[in-house]
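So the chains spell out like this:
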Amino acid sequence: MIKIIRGELYEKALTKKSTVKDFSVVYSILRLMFVHFFVIWLSACSILSQQTPSERPLNTNLREQQLMAMQQFTLQASVGIKTPTDSTSANLRWQQYNNRQFQARLSNFLGISLFELSQSETGSEIQLKGETYRAVDTSSLLLQLSGWSMPLYDMPLWLRGLPGNNSTNITKDQFGRTTSFSLTDSTGIVWQLEYQSFFPDSLSLPKRLILTSSDNQIKIVIRNWQ
């Protein structure tokens, strides 16, 4: 519309309908798309975690025979220890020399040793806070010195996915791998051990496991086996 005001032409601005879309609608659509994508991603992860390993595990007897024959190995792992009064994150290096001899070092992420354990034919030894202690029962000694314990006696076995002779309530998966069992350590503490995942090879060595007692929880994520 054009009006003449005081001899001058004046064009009145026409009211135009905004071409900008309602952002709230766009946001709702994007949000729904994101939620849908996230649900699909979670489902895919769940499916992948339940799929058959890239290499089918050996049959139960052959696999356990080969695991028992592993008399020399080294592993490195991340460890989380939770007690009623404290939580600790650490690195574990375990060196197995033969059926009776091994050496383990648990250190924090600054490289400071929390304890070092060695087992030989002459007995066990723990180095803690710069002091060396010797004992037959290392689990009891660790409990006295640090206030928490681990089932150390059968540790060379259960690290490899093998329950000890005193283990009970053993469960296995469809591939014959041990997935959980109960064990009582030398201090009388009852532990429930659960294998949460395995490495995707025919031997299926444990990758993630968790130990739980009435008071403590220990999570172990093994980074590599050698």
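Anything mentioned here points back to the structure above.
Attention here is on the structure that accompanies the text. No experiment lies behind these values; they were computed from the predicted model shown.

Comments concerning the overall build of the protein chain
Here comes step 1: Within the protein chain, the secondary structure is distributed over four helices and 13 strands.
Here comes step 2: Here the protein chain holds 226 residues, and the buried ones make up 35% of them.
Here comes step 3: Residue pairs in contact within the protein chain that sit at least 24 positions apart in sequence constitute 40% of those at least 6 positions apart.
Here comes step 4: Taken as a whole, the protein chain presents about 14,800 Å² of accessible surface, with 54% of it coming from carbon and sulfur.

Some words on the layout of surface pockets
Here comes step 1: Taken as a whole, the largest pocket spans an internal volume of roughly 570 Å³.
Here comes step 2: In terms of lining, the largest pocket is formed by 25 residues, of which the most central are Asn-99, Phe-102, Tyr-153, Asp-154 and Pro-156.
Here comes step 3: Only β6 (113–120), α3 (138–146) and α4 (155–158) provide two or more residues apiece to the lining of the largest pocket.
Here comes step 4: The residue makeup of the lining of the largest pocket, split by class, is nine nonpolar, 11 polar and five charged.

Considering the side chain of Ser-204
Here comes step 1: Mapping Ser-204 onto the fold places it in the loop between β11 (190–198) and β12 (206–212).
Here comes step 2: Setting aside residues no more than four positions away along its own chain, Ser-204 makes contact with Pro-57, Arg-63, Arg-177, Phe-198 and Phe-199.

Quick look at the nonpolar core
Here comes step 1: Residues Leu-75, Trp-158 and Trp-225 are the most contacted members of the largest nonpolar core, which totals 41 residues.
Here comes step 2: It is strand β3 (residues 73–82) that contributes the most residues to this core, five residues altogether.
Here comes step 3: Excluding anything up to four places from it in sequence, Trp-158 contacts Met-150, Pro-151, Phe-181, Leu-183, Leu-193, Tyr-195, Leu-209, Leu-211 and Ile-220.

Looking at the sheet that holds β3
Here comes step 1: Strands sit in the order β8-β7-β6-β5-β4-β3-β13-β12-β11-β10-β9 across an open sheet of 11 strands; the sheet is antiparallel. In the strand order of this sheet, the two ends are held by β8 (131–135) and β9 (168–172), each with one partner. Adjacent strand axes in the sheet meet at a mean angle of 20° when their direction is disregarded.
Here comes step 2: Bridge count for β6 against strand β7 (residues 123–128) is five bridges, and the pairing is antiparallel. Among the inter-strand pairings, Ser-118 is bridged to a residue of β7, identified as Glu-125.
Here comes step 3: Its contacts with the sheet put α3 on β6, β7 and β8, and the angle it makes with β7 is roughly 20°.

Digging into empty space enclosed by the protein
Here comes step 1: A full pass over the atoms with the stated rule returns one cavity of 30 Å³ or more.
Here comes step 2: Quantified by volume, the largest cavity comes out at close to 30 Å³.
Here comes step 3: Lining the largest cavity are Leu-92, Trp-94, Ala-104, Phe-115, Leu-117, Met-150, Leu-152 and Met-155.
Here comes step 4: Contributing elements (two or more residues each) for the lining of the largest cavity: β4 (87–96) and β6.
Here comes step 5: When grouped by side-chain class, the residues that make up the lining of the largest cavity number eight nonpolar, no polar and no charged.

Focus: the pairing of β4
Here comes step 1: Here β3 runs beside β4; their pairing, made up of 10 bridges, is antiparallel. In the sheet register, Lys-82 faces β4, and the bridge partner there is Ser-87.
Here comes step 2: Where β3 hands over to β4, the hairpin turn is made up of four residues, counted between the paired strands.
Here comes step 3: Here six bridges tie β4 to strand β5 (residues 102–107), and the two strands are oriented antiparallel to one another. For Gln-96, the partnering residue across the bridge sits in β5 and is Phe-102.
Here comes step 4: Here β4 hands over to β5 after five residues, the two strands then running antiparallel side by side.

Details of the packing of aromatic side chains
Here comes step 1: As enumerated under the stated definition, the model contains five aromatic pairs in all.
Here comes step 2: Residues Trp-94 and Phe-102 carry aromatic rings whose centres are separated by 4.5 Å and whose planes lie at 20° to one another, so their mutual orientation is stacked. Phe-102 matches Trp-94 in its accessibility class, with the two residues each being buried.
Here comes step 3: Look at Phe-181 and Tyr-195: their rings are 6.2 Å apart centre to centre, the planes differ by 50°, and that puts the pair in the tilted class. Separated by 14 residues along the polypeptide, Phe-181 in strand β10 (residues 178–184) and Tyr-195 in strand β11 bring together distant segments of the chain.

Parameters at a glance
- Residues numbered from 1 in each chain as written.
- Predicted model: local features only at pLDDT ≥ 70, side-chain atom pairs only at ≥ 80, totals over all residues.
- Heavy atoms only, no water.
- Helix = DSSP H or I, 4+ residues; strand = E, 2+ residues; numbered from the N terminus.
- Buried < 20%, exposed > 50% of the residue type's maximum accessible area, 1.4 Å probe, protein only.
- Contact = heavy atoms within 4.5 Å.
- Areas by Shrake-Rupley, 256 points an atom, 1.4 Å probe, with all protein chains shown as cover.
- 1 Å grid on protein atoms, 1.4 Å probe; cavity = no way out; pocket = protein on both sides within 12 Å on 5 of 7 lines; lining within 4 Å.
- Points joined across faces, edges and corners; volume = space filled by probe spheres on them.
- Nonpolar A, V, L, I, M, F, W, Y, C, P; charged D, E, K, R; others polar.
- Core = buried A, V, L, I, M, F, W, Y, C linked by side-chain atoms within 4.5 Å.
- Pairing = 2+ DSSP bridges.
- Axes fitted to C-alpha atoms, helices over the stretch in contact; angles between N-to-C directions.
- Phe/Tyr/Trp six-rings, centres within 6.5 Å; stacked < 30°, edge-to-face > 60°.

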